[in-house]
Amino acid sequence: MAMTGVLRPGHVQLRVLDMDASLTHYVERMGLIETARDEQGRVYLKGWDEQDWFSVVLREADEPGMDFMAFKVDSTATLDRLEQGLREFGCKVERIPAGELKHCGERVRFDSPMGHFFELYAEKDFKGNGVGTLNPHPWPEDLKGMKVNRFDHCLLYGDDLDGSVKLFKDVLGFNETEKVMAGPNGDFQIASFLTCGMKAHDIALIRHAEKGKLHHASFLLKSWEEVLHAADIMGRYKIPIDIGPTRHGITRGRTIYFFDPSGNRNETFCDSYDWYPDHPQITWTEDELGGAIFYHNQSLNERFLSVVT
């Protein structure tokens with residue numbers, strides 16, 4: 001399918017309590033690569049197989065969580081068009097000048113009905129993936145830890161699920177690949193999985209009483225063996241595991257969830273499926289929610305459902 005409009009998740013800015021401990025976690029253990037620091041004290045990271053300069057920004061703060069998640073768009077014309085659509089939808093919108101994040105062009109920041117902040121941008125400096133474009137090797141040398149490939153998606157919690165789904169579908173052009181329905185008549189939506197491309201999801205949204213909460217930031221690995229290797233790293237360095245290794249029914253992803261030193265939940269996962277616009281939407285019902293989330297043991301983990309930052 002043609003990639004137009006919103007291309008993909010571009011970066012996420014996470015709040016951390018201790019920068020040194022966080023860099024040990026994200027760089028030495030997970031294998032993200034540090035690419036820059038700025039005068040605000042923020043640290044910029046990327047997965048080894050990402051081409052742009054950064055995909056994760058860490059900011060030291062008094063409480064953990066997510067400041068914003070950003071998506072890259074295909075052109076400045078698209079950026080202008082979507083900004084207008086966001087204003088018409090009723091979002092609070094501001095232009096962030098180029099260079100406020102190092103190596104990133106002008107950004108459009110907006111709020112959402114669930115209370116999260118998002119950004120759109122069209123330009124970011126090229127960094128490369130360390131193997132080049134002429135007769136490249138399949139991977140670079142000296143990768144660390146879990147060797148994560150890229151930042152992949154976030155799962156976010158907030159109250160106005162219906163409004164945020166409408167924002168992503170009607171204004172930003174996302175498609176809803178899967179949803180979870182509850183209630184006596186099965187007509188009350190509690191979760192939405194949305195894509196801007198060919199993935200099973202680029203963002204997931206869960207109905208929750210509090211606004212603006214982060215459930216997890218997810219990072220792609222390429223195989224089940226790599227997920228198991230990530231679990232070995234967690235065991236060796238006593239990284240607290242939430243659940244896994246296991247499998248999802250929703251999206252089919254094979255996964256393990258764990259926590260950074262600040263309490264932000266991370267995920268490493270592999271597999272899932274390709275999605276095309278002519279594919280039918282998948283619906284999950286409340287009575288099968290255990291298997292939808294954790295397919296192997298068919299039961300829910302209360303900490304997984306309730307712990308957010």
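Our subject is the structure that appears above.
Now for a quick tour of the structure.

The geometry of helix α2 (residues 76-89) relative to helix α3 (residues 161-171) is characterised by a closest axis approach of 11 Å and an angle of 145° between their N-to-C directions. Where α2 crosses over α3, the handedness of that crossing is right-handed. Residue-level inspection shows Leu82, Gly85, Leu86 and Phe89 of α2 in contact with α3, the latter providing Gly163, Lys166, Leu167 and Val171. Tallied by class, residues from the contact of α2 with α3 come to five nonpolar, two polar and one charged.

On to the nonpolar core. One finds Leu86, Leu172 and Ile203 to be the most contacted residues of the largest nonpolar core, which totals 58 residues. Beyond its immediate sequence surroundings of up to four residues, Leu86 is in contact with Cys91, Val93, Val108, Phe110, Leu120, Leu167, Val171 and Leu172. In this structure, Val180, Ile190, Phe193 and Phe304 belong to the second largest nonpolar core, which totals 18 residues.

As a further point, take the packing of aromatic side chains. Following the criterion strictly, the structure yields 10 aromatic pairs and no others. Judged by centre distance (6.1 Å) and plane angle (70°), the ring pair of Phe71 and Phe168 falls under edge-to-face. Placement of Phe71 in strand β5 (residues 65-73) and of Phe168 in helix α3 is noted, with a sequence separation of 97 residues between them. Note on accessibility: Phe71 and Phe168 belong to one class, buried. With 4.9 Å between their ring centres and 70° between their planes, Phe294 and Phe304 make a pair best called edge-to-face. In this pair, Phe294 is assigned in the loop between α5 (289-293) and α6 (302-306) and Phe304 in helix α6, connecting sequence segments 10 residues apart.

Counted by the stated rule, this structure contains 25 salt bridges. Ionic pairing is found between Asp152 and Arg150, a salt bridge with its closest N-O pair at 2.7 Å. One salt bridge connects Lys211 with Asp159, and the closest N-O pair in it is separated by 2.9 Å. With Lys211 in the loop between β12 (203-207) and β13 (213-220) and Asp159 in the loop between β9 (150-158) and α3, this residue pair connects regions lying 52 residues apart in the sequence. What makes Asp159 partly exposed here is its relative accessible area of 29%. Each of the salt bridges in this network shares a partner with another, and the network as a whole consists of Asp38, Arg42, Glu100, Arg107, Arg109 and Glu119.

Summarising burial for strand β16 (residues 265-271): six of the seven residues are buried, a large majority. In this structure, β13 lies alongside β16, joined through four bridges in parallel fashion. Among the inter-strand pairings, Leu220 is bridged to a residue of β16, identified as Phe269. Pairing between strand β15 (residues 253-259) and β16: seven bridges, direction antiparallel. The partner of Phe258 across the bridge, within β16, is Asn266. Where β15 folds back onto β16 in an antiparallel hairpin, the turn is made up of five residues, including Gly263, whose phi is positive at roughly 100°.

Glancing now at α2. Taking 1.5 Å as the rise per residue, α2 with 14 residues should run 20 Å; its terminal C-alpha atoms sit 20 Å apart, in good agreement. Considered for burial, the residues of α2 that qualify are Thr78, Leu79, Leu82, Glu83 and Leu86. Here the buried residues of α2 occupy an arc of 135° about the axis, which is enough to place them on one side. In α2, those exposed residues whose orientation departs by more than 90 degrees from the buried face are Ala77 and Glu88. Packed against the buried residues of α2 are β1 (6-16), β5, β6 (93-96), β7 (107-111), β8 (117-121) and α3.

We now examine the sheet that holds β15. The mixed open sheet is built from nine strands, whose spatial order is β14-β15-β16-β13-β9-β12-β11-β10-β17. The strands lining the two open edges of the sheet, one partner per strand, are β14 (241-247) and β17 (282-285). Averaged over all pairs of adjacent strands, the angle between strand axes in this sheet comes to 20°, irrespective of strand direction. Examined bridge by bridge, strand β10 (residues 175-182) and strand β11 (residues 188-195) share seven bridges and lie antiparallel to one another. Each bridged residue has a counterpart across the sheet, and for Glu176 the counterpart in β11 is Leu194. Packed on one face of the sheet, α3 meets β10, β11 and β12 and runs near 160° to β12.

Parameters and conventions
- Residues numbered from 1 in each chain as written.
- Predicted model: local features only at pLDDT ≥ 70, side-chain atom pairs only at ≥ 80, totals over all residues.
- Heavy atoms only, no water.
- Axes fitted to C-alpha atoms, helices over the stretch in contact; angles between N-to-C directions.
- Helix = DSSP H or I, 4+ residues; strand = E, 2+ residues; numbered from the N terminus.
- Left-handed = near helix turned anticlockwise from the far one by under 90°.
- Contact = heavy atoms within 4.5 Å.
- Nonpolar A, V, L, I, M, F, W, Y, C, P; charged D, E, K, R; others polar.
- Core = buried A, V, L, I, M, F, W, Y, C linked by side-chain atoms within 4.5 Å.
- Buried < 20%, exposed > 50% of the residue type's maximum accessible area, 1.4 Å probe, protein only.
- Phe/Tyr/Trp six-rings, centres within 6.5 Å; stacked < 30°, edge-to-face > 60°.
- Salt bridge = Lys/Arg side-chain N within 4 Å of Asp/Glu carboxyl O.
- Pairing = 2+ DSSP bridges.
- Expected span 1.5 Å × (residues − 1).
- Arc of directions from axis to C-beta.

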